[in-house]
Amino acid sequence: MKFKMIHENYNVFDLRRSLDFYEKALGLKEIRRKEAEDGSFIIVYIANEQSGFELELTWMRDMDRPYNLGDCEFHLAFQTDDYDAAHKLHAEMGCICFENAEMGIYFIQDPDGYWLEIVPCH
């Protein structure tokens, strides 16, 4: 039996803000969406041409506050072919939340507080 990772879900408070962030910061664009007939939720899948992996953003109509991510001891990692340009963009966006120069990595934070690791190609 084999398993292939296909997506990860993040619940988001402001769907438009999140979609704009992921497109600008990481080049991820909407590829499909599912909307509840009663309007109670919207699920949007975003991705790019670099892999078949998708990020699923779920918006819930009845959520009346930003999500509590606890200690935020999890993250999704992205590898970039131009680390310096990526770092410059993210610094300009003001979304870098942690850097480890010794390891050659840094993290950005999305509008809901999810951490995203940025690593160079090796």
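Anyway, here's the lowdown on the structure attached to this text. (Residues numbered from 1 in each chain as written. Predicted model: local features only at pLDDT ≥ 70, side-chain atom pairs only at ≥ 80, totals over all residues. Heavy atoms only, no water.)

### A word on the sheet that holds strand S7 (residues 105-109)
With mixed pairing, four strands are arranged side by side in an open sheet as S5-S8-S7-S6. Either end of the sheet is taken by a strand with one partner, and the two such strands are strand S5 (76-80) and strand S6 (96-100). Across the sheet, the mean angle from the axis of one strand to that of its neighbour is 25 degrees, orientation sign disregarded. Bridge count for S7 against strand S8 (residues 115-120) is four bridges, and the pairing is antiparallel. In the sheet register, Phe107 faces S8, and the bridge partner there is Glu117. Set on the sheet, helix H2 (residues 83-93) makes contact with S5, S6, S7 and S8; between it and S7 the angle comes to about 35 degrees. (Pairing = 2+ DSSP bridges. Helix = DSSP H or I, 4+ residues; strand = E, 2+ residues; numbered from the N terminus. Axes fitted to C-alpha atoms, helices over the stretch in contact; angles between N-to-C directions. Contact = heavy atoms within 4.5 Å.)

### A word on the nonpolar core
If you look at the biggest cluster of nonpolar residues, it comprises 27 residues, and the most contacted ones within it are Tyr10, Tyr22, Leu26, Ile46, Leu57, Ile108 and Leu116. Taken together, the elements giving at least two residues each to this core come down to strand S1 (7-12), helix H1 (15-26), strand S3 (41-47), strand S4 (54-60), S5, H2, S7 and S8. At six residues, H1 tops the list of elements feeding residues into this core. (Core = buried A, V, L, I, M, F, W, Y, C linked by side-chain atoms within 4.5 Å. Buried < 20%, exposed > 50% of the residue type's maximum accessible area, 1.4 Å probe, protein only.)

### Topic: the pattern of salt bridges
For the coordinates displayed, the defined rule picks out seven salt bridges. Between Arg33 and Glu35 there is a salt bridge, with the nearest N and O atoms lying 3.4 Å from each other. On the basis of relative accessible area, Arg33 is assigned to the partly exposed category, the value being 33%. Where Asp62 meets Arg61, a salt bridge forms, and the shortest distance between an N and an O atom there is 3.3 Å. (Salt bridge = Lys/Arg side-chain N within 4 Å of Asp/Glu carboxyl O.)

### Side note on the side chain of Ser18
Looking at where Ser18 falls in the secondary structure, it is placed in helix H1. Every residue in contact with Ser18, bar those within four places of it in the chain, is listed here: Val12, Leu57, Pro111 and Asp112.

### Some points on the layout of surface pockets
The computed volume of the largest pocket comes to approximately 590 Å³. Around the largest pocket sit 23 residues that line it, and Leu26, Asn48, Gln50, Phe78 and Gln79 are the ones nearest its centre. A total of five residues in the lining of the largest pocket trace back to one element, the largest contributor, which is S5. (1 Å grid on protein atoms, 1.4 Å probe; cavity = no way out; pocket = protein on both sides within 12 Å on 5 of 7 lines; lining within 4 Å. Points joined across faces, edges and corners; volume = space filled by probe spheres on them.)

### Focus on the packing of aromatic side chains
Inspection of every chain in the model, using the stated rule, returns seven aromatic pairs. Taken together, a centroid distance of 3.9 Å and an interplanar angle of 5 degrees make the contact between Tyr10 and Tyr114 stacked. Here the residue Tyr10 occupies a position in strand S1, and Tyr114 occupies one in the loop between S7 and S8, the gap between them amounting to 104 residues. Across the pair, Tyr114 and Tyr10 agree in class, each one buried. Their ring planes at 90 degrees and their centres at 5.3 Å tell us that Phe21 and Tyr22 sit as a pair that is edge-to-face. Each member of the pair, Phe21 together with Tyr22, is buried. Each member of the aromatic cluster is reached from another via a ring pair, and the members are Tyr10, Phe74 and Tyr114. (Phe/Tyr/Trp six-rings, centres within 6.5 Å; stacked < 30°, edge-to-face > 60°.)

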